[in-house]
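# Per-entry structural report
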Amino acid sequence: MPGLVIVGAQWGDEGKGKVTDLLAERADAIVRFQGGNNAGHTIVRDGEEFKFHLIPSGILYPDKACVIGNGVVLDPRILLGEIDGLRRRGVDMNNLKISANAHLIMPYHVLLDTAGEVKLGKLSLGTTRRGIGPCYADKALRLGIRVQDLLDEKILRAKIRTALEPKQQALRELSVQRRKLRKEAGEGSVAEGAIEDAPDPRLDLHTMTEEHVNYGHRLEPHIADTSRLCWDVLDAGKTVIFEGAQATLLDLDHGTYPFVTSSNPIAGAATVGAGVGPTDIDEVWGVAKAYATRVGAGPFPTELEDATGRHMLEKGHEYGTTTGRERRCGWMDLVALRYAVRLNRMSSLAITKLDVLSGLDTLRVAVRYRSREGALLDSFPYHQSILHSATPEYEELPGFSADLQECRDEDELPPEARSYLDYIAEFVGVPIRLVGVGPARDQVVWLGG
Ligand code: IMP
């Protein structure tokens, strides 16, 4: 498995961190290639819980290179907080390498993200408000600040000055709009105090430059040519895992736009976001929960707002690692999963949290959609209006009541659980290689030897 990509097959939070952690055992380098601290991975090791937002899940292995690739957007304050936290817990950080070409999430990106969401009001996307969209927008506009800029104060100051001016203007305009809105609706009626009337001290050029020069000093030992590093590892016949964040249906191009993130979490993006070639990818693992969840706004055909949805929420502890928000829950959507299989050309599937479904008499999986006009749709519709009003048609499968958390072998799974997995694998045409039956690292069942 020299080049292996791990991607989310649904709307995120599928448990990619745990799968990466397990597969990383056989890898030499683990690379993140997109997204930023909008992600959240939880790994349980020897009863100890580790939460990561930026640092690749492989950091707990002292002998493996752990890379933040050029396609990632990173908030240096958050990254340093994560580095310090892990160091305090005795984790060796020497193997952390950060691409000099990765873009930085600056304070104005965070403010703009929040301001944009507040402005959209009821139409807001439900972003994580970590500045992801505005940072990628600046990258495309060629107004971005890169990690390497932290190492040259003169360049840094000049780039911040150029980038800052339009932000101050945009934030001022939003602030005026907000004041008007507040006046119209009456004082105190605007719930979110995102935009202050006074100039924000975080937006001062001098302060921001000083602060970032300091970040640069601290990050310097980790800054590297990470594309070259990946090349060297692959060229030596060793294994690199490319760890995706978010997921296929949140992909900027192929997801449920505009309710998506601002990067490409699909497997193809690993090449651009890490600086390797397409032929360096040998395997693609998709990770899906045994049911489905989504945070933030946007279409979710199999969403359940009933007792079954609550069962999934509570038993699955479906609260965001990054924002603490309740996740929307629903049945496994095989139309969407098959779409994800195709977009990523998946070679293997990992199904997580199968244990959460125990106690449900009947399990349902969506096998097609019906459009508002009554047409049957076997594949994921490309037109957003069709998707937004589509209703799923289900296949019913028998549920199981046994607690799966102690299962470690395929034979220990109840026959109904195995039939459920077989049905999924057959429907999407990809073998399931790994099944999660609890949060701990060893709570997994490997399938097919
Ligand atoms: P952003 O990535 O913060 O811009 O948010 C855009 C959309 O992606 C929102 O619906 C978020 O809830 C969703 N999102 C971003 N990161 C994650 C993640 O790691 N898991 C699940 N949803 C995410």
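Residues numbered from 1 in each chain as written. Predicted model: local features only at pLDDT ≥ 70, side-chain atom pairs only at ≥ 80, totals over all residues. Heavy atoms only, no water.

### Quick notes on a negative patch on the surface
Negative charge collects at one region of the surface, where Asp409, Glu410, Asp411, Glu412, Asp422 and Glu426 lie side by side. As for its placement among the helices and strands, Asp422 is situated in helix H12 (residues 415–428). (Patch = residues over 30% accessible without salt bridge, like charges linked within 9 Å, V, L, I, M, F, W, Y side chains within 5 Å. Areas by Shrake-Rupley, 256 points an atom, 1.4 Å probe, with all protein chains shown as cover. Salt bridge = Lys/Arg side-chain N within 4 Å of Asp/Glu carboxyl O. Lys, Arg positive; Asp, Glu negative; His and termini not counted. Charge placed at Lys NZ, Arg CZ, Asp CG, Glu CD. Helix = DSSP H or I, 4+ residues; strand = E, 2+ residues; numbered from the N terminus.)

### Observations regarding the pattern of salt bridges
A full pass over the atoms with the stated rule returns 23 salt bridges. We note a salt bridge from Arg218 to Asp84, for which the minimum N-O separation is 2.8 Å. Here Asp84 lies in helix H2 (residues 76–88) and Arg218 lies in helix H6 (residues 205–219), a separation of 134 residues in the sequence. A residue is classified by how much of its surface remains accessible, and Asp84, at 24% relative accessible area, is partly exposed. The shortest N-O distance in the salt bridge between Arg368 and Glu393 comes to 3.5 Å. Taken as a pair, Arg368 in strand E16 (residues 362–370) and Glu393 in strand E18 (residues 391–398) lie far apart in primary sequence, 25 residues in all. Under the relative-accessibility criterion, Glu393 is labelled partly exposed at 22%. A cluster of three or more residues bridged by salt bridges with shared partners is formed by Asp13, Lys289, Glu318, Arg327 and Lys353. (Buried < 20%, exposed > 50% of the residue type's maximum accessible area, 1.4 Å probe, protein only.)

### What to know about the nonpolar core
Within the largest apolar cluster, 61 residues are counted, with the highest numbers of intra-cluster contacts made by Phe242, Leu354, Leu357 and Tyr420. For this core, the element with the most residues is H12, which contributes seven residues. Residues contacting Leu354, with those up to four places away along its chain left out, are Ala290, Phe400, Leu404, Ala417, Tyr420, Leu421, Val435 and Gly436. Counting residues in hydrophobic clusters, the runner-up holds 43 residues, among them Ile83, Leu150, Val213 and Ile223. (Core = buried A, V, L, I, M, F, W, Y, C linked by side-chain atoms within 4.5 Å. Contact = heavy atoms within 4.5 Å.)

### So, the sheet that holds strand E9 (residues 223–224)
Read across the sheet, ten strands follow the order E9-E7-E5-E2-E10-E1-E11-E15-E19-E20 without closing on themselves; strand pairing throughout is mixed. Each end of this open sheet is capped by a strand with a single partner; those strands are E9 and strand E20 (444–446). Packing against the sheet, H12 makes contact with strand E15 (348–352) and strand E19 (432–436), and its axis sits at approximately 140° to E19. (Pairing = 2+ DSSP bridges. Axes fitted to C-alpha atoms, helices over the stretch in contact; angles between N-to-C directions.)

### Focus: the confidence of the model for the protein chain
Averaged over all residues, the pLDDT of the protein chain is 93; the fraction at 70 or higher stands at 95%. Contacts of residues 188–196 to residues separated by more than four positions or lying in other chains number 17 contacts, the stretch itself having pLDDT below 50. (pLDDT = per-residue confidence, 0-100.)

### Quick notes on the packing of aromatic side chains
According to the stated counting rule, one finds five aromatic pairs in the structure shown. Aromatic side chains Tyr423 and Phe427 sit 6.3 Å apart centroid to centroid with 20° between the ring planes, which places their arrangement in the stacked category. Taken together, the residues span about one helical turn, with Tyr423 and Phe427 both in helix H12 at a distance of four residues. Here the aromatic cluster, defined as three or more aromatic residues joined through ring pairs, consists of Tyr339, Tyr369 and Phe380. We note Lys64 situated over the ring of Tyr61; from NZ or CZ to the ring centre the distance is 5.0 Å. Over the face of the ring belonging to Phe50 we find Arg89, whose NZ or CZ atom lies 4.0 Å from the ring centre. (Phe/Tyr/Trp six-rings, centres within 6.5 Å; stacked < 30°, edge-to-face > 60°. Lys NZ or Arg CZ within 6 Å of the ring centre and 35° of its normal.)

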